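Okay, here's what each chain looks like letter by letter:
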Amino acid sequence: MRIKQALISVSDKTGVAELASSLHQLGISIISTGGTAKLLQETGIPVTEISDYTGFPEMLDGRVKTLHPKVHAGILARMDLPEHQREMEQAHIPTIDLVVVNLYPFTQTIARSDCSLAEAIENIDIGGPTMIRSAAKNFQRVAVVTDPQDYATLLEQIKSGNGTVDEHYRFQLAQKAFSHTARYDGAISNYLTALESMDAERKPFPDQFNLNFTLAQSLRYGENPHQQAAFYRDTSDITGSLADYQQLQGKELSYNNIADTDAAWACVKTFDQPACVIVKHANPCGVAVAENPLAAYQKAFATDPVSAFGGIIALNRPVEADLAKAVLQQFVEVIIAPEFSTEARQLLVSKANIRVLTVPLGAHDNHYELKRIDGGLLVQTPDNFHISEDRLRVVTQLQPTDAQMEDCLFAWRVAKFVKSNTIVFCGNGQTLGIGAGQMSRVDSARIASIKAEQAHLDLHGSAVASDAFFPFRDGLDVLAQAGAKAVIQPGGSIRDDEVIAAANEQGITMMFTGIRHFRH
C-alpha cells in the first residue's frame, strides 16, 4: 500500500527535519505534534498539527495529544477487511501509513542524581508507546520507525518501492518497535519498584528486575561443542566494556573466547601504568606493568609460558610493531587493546586466525553483575573496590618497605581477578606464581609456588596476596618456605593471632585490608 500520510512525533529530533523534507518531496502529507511540529514549520515543511487534524486541542499540559480515535483508527485499520473500510469511510478517517515516533528521555532523566519522582513521572511517555504499539501491531500495512538511524533506509525503501515499503522491512521495524517499548517500560518498572515509598531514596535493587539485551551474534557452540550459544549486548551504555569491541581480523569469536577476553579486559583496564594481562580458562596466568607495553607483555608471559599457550592477551596501551612481532612468536587466541598501529596490523595479518579486537578505554559503569542459577538470578553490585595504602593496617613487627608496599598493592589488584581460593606471588610489577580456584587456600599457595618454580622465577623476597584470610598458619608457612617476605590479606580469621605470630617468626611483614575479594 502506498504511503500517503505520516505521523511524526519525536523527542530525539536528530535528522527529523531532513526526513520530513524528503517525505514532503515524495508527496507524503505530515501530521505532527508539539515541539516536532514547531521545528518542521520553522524549517518550512508543510505540516498539520495534531489538534487541527483531530479537531480536538492538546490538553492537560500535553499529556493528551494523540490519544484520539482519528489517530489510532488511522493507524490500526486493516484495509484488507471490508468492514474496516466501511467504518473508516463512515467516520471520515483517512489512514496513517507511516509512524515516526521516539519517546520521552526517561532513562536519561532518572540517570541524574537530582531527579525527583515528579520529574521522572512527567517523563513517562503515554501517547508515544501507544502509537508505536498500534503501528507495530498493524505492520502489514503501516511502517513504524523508532530509531533515527533507520531514516535513511526508510527513505531508500520508499523511493525504490515507488511510495511503498517492503513487507519484510515493515516486519523488521515492528520487531524493533516492540523491543523499544519493552525496554522503555522495563526501565520505568525498574525505577518505580526500587522506591519503598514516594519520598524514599532508590534501593540498590528493584522489586521487579527487567533486563534487555540484543543479539550480537550466534556462536558456533557453547563451552562444549554439544551446547548451543549466542552473545547478547546490553542495550544500555556499553562504552569501555568488552561488548563494545570491534574485531579487526581473525576467526569468529567462540563462547570461551568471549568469556576469557572479558576477564582479561576487566583486569587490564584497572591499571594506570602500561599493563598486560594474559588469561587462560578465565584466570590470569600472567600480569605485569612496565615502562612500555612490550616490556609488560614480556614480563606477563614469563610468569607462566606453558599456560599462556593459546591464551588471551589484553593490553591497556596501543599495540605497536615491536609488540606484534613478539606476540607472533606464540600461539595466541585473542589479542585485545585500545588500538593497533598500521604496522602492527600488517604484521598480525600474517596469522589470519588470531582474533584482533579493539575496545576504547572509556570508563564503563557496570551497575550489576549477574549469575544465572536454576530457576533464578543472582544479582550483585560489581567489585570495584581498590585498596589504597592509607587503608592498610600493618599487623606484624616488621614494617613494609616502599617496594614491598608497591608489590603488595599490585598483587592485591591482580588477586581480585583470580578465581578463589587465590594466592598470587608478585615482585617488581610482575606476577611470579598464581594459584587459582582450589578448595583449600594452602593448596593454592603450593600451586602458586610450583608454577613459579616451573617458570624458573625466584620467589625470594616476593610479595603475596591472598584474596581471603588464612584460616590456619599452614598457608603462610608455605609462602615463607617459598621465599615470600611480604603478605597482603583481608584478615578476620579467628586464628589471625596465630597467623601473625607465624609471620613474625619468619621475618615476614603482613598487612590487613579489612576487605576480601572472593571470585566464584
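About the cut-offs
In this convention, every chain numbers its residues from 1, walking through the sequence in written order. Given that the model is predicted, a residue must reach a pLDDT of at least 70 before its local features are reported, and side-chain atom pairs must reach 80 or more before they are shown or counted; all residues, however, enter totals for whole chains, interfaces and linings. The basis for the side-chain values is all heavy atoms of the structure; hydrogens and waters are excluded. Counting from the N terminus, the helices are the DSSP runs of H or I reaching at least four residues and the strands are the DSSP runs of E reaching at least two. Note that the radius of gyration is over C-alpha atoms, with the globule rule given as 2.2 Å times the number of residues to the power 0.38. When a residue's accessible area, from a 1.4 Å probe over protein chains only, is under 20% of the maximum for its type it is buried; when over 50% it is exposed; and in between it is partly exposed. Should any heavy atoms of two residues lie within 4.5 Å, those residues are considered in contact. Patch members must show over 30% relative accessible area and no salt bridge, and they are joined within 9 Å when carrying like charges or within 5 Å when they are nonpolar side chains of Val, Leu, Ile, Met, Phe, Trp or Tyr. Exposure was quantified through the Shrake-Rupley algorithm and a 1.4 Å probe, taking into account, for residues, occlusion by the shown protein chains and nothing else. The term salt bridge refers to a pairing of a side-chain nitrogen on Lys or Arg with a carboxyl oxygen on Asp or Glu at a separation within 4 Å. By the counting scheme adopted, Arg and Lys are positive, Glu and Asp are negative, and His together with the chain ends is not counted. Charged groups are reduced to one reference atom each: NZ for lysine, CZ for arginine, CG for aspartic acid, CD for glutamic acid. UniProt positions are given in the numbering used here, feature names are shortened, and annotations may be inferred rather than shown by experiment. The aromatic pairing rule takes the rings of Phe, Tyr and Trp, using the six-membered ring of Trp, and pairs them if the centres are within 6.5 Å, calling planes under 30 degrees apart stacked, those over 60 edge-to-face and the rest tilted. Residue types Ala, Val, Leu, Ile, Met, Phe, Trp, Tyr and Cys, when buried and joined through side-chain atoms within 4.5 Å, form a set referred to as a nonpolar core. For the domain bounds, the source is a domain assignment made automatically or taken from a database. For every element, the axis is a line fit to its C-alpha atoms; helices are fit only across the contacting stretch, and the angle between N-to-C directions ranges from 0 to 180 degrees. Angle categories: roughly parallel below 35 degrees, roughly antiparallel above 145, roughly perpendicular from 65 to 115, and oblique for all the rest. Each residue gets one of three labels, nonpolar for Ala, Val, Leu, Ile, Met, Phe, Trp, Tyr, Cys and Pro, charged for Asp, Glu, Lys and Arg, and polar for the others, Gly among them.

(A) The arrangement of the overall build of the protein chain in detail. Per the secondary structure count, the protein chain includes 19 helices and 21 strands. Its C-alpha radius of gyration of 30 Å places the protein chain more than 25% over the 24 Å reference for a compact globule of 520 residues. Principal-axis analysis of the C-alpha atoms places the extent of the protein chain at approximately 95 × 60 × 45 Å. Here the protein chain holds 520 residues, and 49% of them are scored as buried. The long-range share in the protein chain, meaning contacts at least 24 apart out of those at least 6 apart in sequence, stands at 56%.

(B) Quick look at a negative patch on the surface. Residues E320, D322, E339 and E343 make up a contiguous surface patch of negative charge. Tracing the backbone through its elements, the reader meets E343 in helix 15 (residues 342-348). Classification of E343 by relative accessible area gives partly exposed; the value is 45%.

(C) Molecular detail of the UniProt feature "domain: MGS-like" (unreviewed entry) in the protein chain. If you check UniProt for "domain: MGS-like" (unreviewed entry), the listed places come out as residues 1-146 in our numbering. Taken end to end, residues 1-146 has its terminal C-alpha atoms 21 Å apart, with 43% of it in helix and 12% in strand.

(D) Main features of the packing of aromatic side chains. Evaluation of the coordinates by the stated rule reveals nine aromatic pairs. Ring geometry for F139 and F171: centres 5.2 Å apart, planes at 55 degrees, overall tilted. Note that F139 is positioned in the loop between helix 8 (127-137) and strand 5 (143-145) and F171 in helix 10 (residues 167-192), a separation of 32 residues in sequence. Relative to Y368, the ring of F209 lies with its centre 5.1 Å away and its plane at 75 degrees, an arrangement referred to as edge-to-face.

(E) Just the nonpolar core, in detail. Y245, F271, V277, I336, F410, V414 and V424 are the most contacted members of the largest nonpolar core, which totals 46 residues. The dominant element in this core, judged by the number of residues it contributes, is helix 16 (residues 402-415), at seven residues. Formed jointly, this core draws a minimum of three residues from each of two domains, domain 2 (239-358) and domain 3 (389-512). Non-local contacts of V414, meaning those with residues more than four positions away in its chain, are made with F271, V287, V424 and T431.

(F) Summary view of the packing of helix 1 (residues 16-25) against helix 9 (residues 151-160). Packing of helix 1 against helix 9 leaves a shortest axis separation of 11 Å and a crossing angle of 5 degrees. Classed by the angle they form, the pair helix 1 and helix 9 counts as roughly parallel. Of the residues in helix 9, those touching helix 1 at V16, L19, S22 and L23 are Y151, L154, L155 and I158. Residues of the contact of helix 1 with helix 9, tallied by class, amount to seven nonpolar, one polar and no charged.

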